[in-house]
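A closer look at the structure
Each chain is listed here by its residues.
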Amino acid sequence: MLVVKIGGSLDGAEPLVRDLAHHEGELIVVHGGGPRIGAELEARGFETRFESGLRVTPPEQMAVVEQVLTQLGKELADRLSQLGRLSVGLSGRDARLLRAEPLDERLGRVGRITAVNTSLLFALMSRHLTPVISPIASAEGGPLNVNADEVAAAVAGCLGEPLVYLTDVPGVLADPADPESRIPVLDGAEVEARIQDGTIAGGMIPKVRAALTALEFGAPWVMIAPGEPGSLPRLLSGKLGTRIVPEKISREV
Ligand SMILES: Nc1ncnc2c1ncn2[C@@H]1O[C@H](COP(=O)(O)OP(=O)(O)O)[C@@H](O)[C@H]1O
Ligand SMILES: CC(=O)N[C@@H](CCC(=O)OP(=O)(O)O)C(=O)O
């Protein structure tokens, strides 16, 4: 089994959706939607801003966030189903799939995951249905907006299954302006150092932090890789993406 998170940056990437549809083996798909949420908030006259890669979500913006993410999840599940992989679009509000608590009151309706209903996921997969999860969680006082990278980490961690973040860059880059500067392996200490020195910024911050959380929770391996056709089968060759590890051990001979 593999947990795959598709970034909102890959919205509409048809060849990638085909790859997922034809992937042999069980999949759980978690999707983002940052750019579409931003566009919809702007169209409705709301301002939006991020703190450490997380969208500050005032209560009055929550309905827009949920509508956009729910629609995206349904579109993705429909397309995968049309391509032969029967899929079900869910949010954390279905059967308490994802429970959360508010992360920090200054961020508004932003949550951190506290529980995952893994039985629901197993029930669907036992019927050969692929879960497609939108990152909205159930909570006291109404739904919470959870960063999709964190949702994927919680799901993979709770299941003890590997996790792949598919995004719009070749991996974590030493120089974000240079696509040739991919870092093949990155550990926890290097992640924090690169966040502090600014080489890891924006939406890459929650991704690398969530990757470490997934490992702590029990995911056997985590990769950040480009959402290009053919990525999935090539992931473990080391020629693609960035593998996140808790710490590096130097091999001495
Ligand atoms: N060191 C880095 N390496 C790669 N990407 C980075 C780095 N620092 C910041 N980024 C930005 O992070 C983005 C990926 O995060 P995000 O936009 O949230 O993607 P997604 O929607 O796929 O989750 C990249 O497009 C890039 O602009
Ligand atoms: C709290 C928070 O930041 N929620 C995210 C949820 C969507 C997401 O994570 O989308 P990407 O994967 O495209 O970044 C947001 O509102 O943008």
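Not measured: the values here are computed from a predicted model. (Residues numbered from 1 in each chain as written. Chains lettered and ligands numbered in written order. Predicted model: local features only at pLDDT ≥ 70, side-chain atom pairs only at ≥ 80, totals over all residues. Heavy atoms only, no water.)

This part takes up the pattern of salt bridges. Counted by the stated rule, this structure contains 13 salt bridges. When salt bridges with common partners are traced through the structure, they connect Lys-5, Asp-149 and Lys-207 into a single cluster. (Salt bridge = Lys/Arg side-chain N within 4 Å of Asp/Glu carboxyl O.)

This part takes up helix H1 (residues 14-22). Since the α-helix turns once every 3.6 residues, residues separated by three or four places project in the same direction. Those residues of H1 lying buried are Leu-16, Val-17, Leu-20 and Ala-21. The buried residues of H1 occupy an angular sector of 140 degrees when the element is viewed end-on, so they sit on one face. Looking at the buried side of H1, the elements it contacts are strand E1 (2-6), strand E2 (27-31), helix H3 (62-82), strand E10 (163-167) and helix H8 (231-234). (Buried < 20%, exposed > 50% of the residue type's maximum accessible area, 1.4 Å probe, protein only. Helix = DSSP H or I, 4+ residues; strand = E, 2+ residues; numbered from the N terminus. Arc of directions from axis to C-beta. Contact = heavy atoms within 4.5 Å.)

With respect to the helices and strands, Asp-149 occurs in helix H5 (residues 148-159). Contacts of Asp-149, omitting those with residues within four sequence positions, involve Lys-5, Tyr-165, Gly-203, Pro-206, Lys-207 and Ala-210.

Glancing now at the pairing of E1. Within E1, 5 of the 5 residues are buried, which leaves the element mostly enclosed by the surrounding structure. The two faces of E1 match: Leu-2, Val-4 and Ile-6 on one face and Val-3 and Lys-5 on the other face are all buried. When E1 meets E2, the two strands line up parallel, connected through 5 bridges. Its bridge partner being in E2, Val-4 is matched across the sheet by Val-29. Note that the unit made of E1, H1 and E2 has a crossover that is right-handed. Note: E1 against E10, 4 bridges, orientation parallel. (Pairing = 2+ DSSP bridges. Right-handed = clockwise from strand over helix to strand, strands pointing away.)

Another aspect to go through is the site of ligand 1. Around ligand 1 there are 17 residues in total, and Ser-9, Thr-167, Asp-168, Thr-199 and Lys-207 lie nearest to it. In this structure, an oxygen atom belonging to ligand 1 sits 2.8 Å away from a side-chain N or O atom of Ser-9. One of the backbone nitrogen or oxygen atoms of Thr-199 is found 2.6 Å away from a nitrogen atom of ligand 1. If ligand 1 stood free it would expose 560 Å²; the protein chains cover 78% of that surface. Of the residues in the shell around ligand 1, the class split is 7 nonpolar, 7 polar and 3 charged. (Near = heavy atom within 4 Å. Polar contact = N/O pair within 3.5 Å; in protein donor to acceptor, adjacent residues only side chain to side chain. Areas by Shrake-Rupley, 256 points an atom, 1.4 Å probe, with all protein chains shown as cover. Nonpolar A, V, L, I, M, F, W, Y, C, P; charged D, E, K, R; others polar.)

Looking now at the environment of Ser-91. With respect to the helices and strands, Ser-91 occurs in strand E5 (residues 87-92). Residue classification places Ser-91 among the buried positions, given a relative accessible area of 9%. Counting along the chain gives 44 residues from Ser-91 to Pro-135, while the straight-line C-alpha distance between them is 6.3 Å. Every residue in contact with Ser-91, bar those within four places of it in the chain, is listed here: Leu-97, Ser-134 and Ile-136.

Turning next to the UniProt feature "binding site: substrate" (unreviewed entry) in the chain. Those residues carrying the UniProt feature "binding site: substrate" (unreviewed entry) are Gly-33, Gly-34, Arg-55 and Asn-145 in this numbering. A maximum C-alpha distance of 11.5 Å places the annotated residues, which cover 113 residues in sequence, within one compact spot. With respect to the secondary-structure elements, Gly-33 resides in the loop between E2 and helix H2 (34-43). Given a relative accessible area of 6%, Gly-33 falls into the buried group. If we ignore the near neighbours within four places in the chain, the residues touching Gly-33 are Gly-8, Leu-69 and Leu-72. With respect to the helices and strands, the residue Asn-145 is situated in strand E9 (residues 144-145). For Asn-145, a relative accessible area of 8% puts it in the buried group. Each residue touching Asn-145, except ones within four places of it in the same chain, is listed here: Arg-55, Thr-57, Met-62, Val-65, Leu-69, Arg-109, Val-110, Gly-111, Pro-135 and Ile-136. (UniProt positions renumbered as here; feature names shortened; annotations may be inferred.)

Glycine aside, negative phi is the norm for most residues, and most peptide bonds take the trans geometry. The phi dihedral of Ser-52 falls on the positive side, at around 50 degrees, and the residue is not glycine. Of note in the backbone geometry, His-128 takes a positive phi value of approximately 60 degrees without being a glycine. Within the element layout of this structure, His-128 appears in the loop between helix H4 (118-126) and strand E8 (130-137). His-128 gets classed as exposed once you look at its relative accessible area, which sits at 69%.

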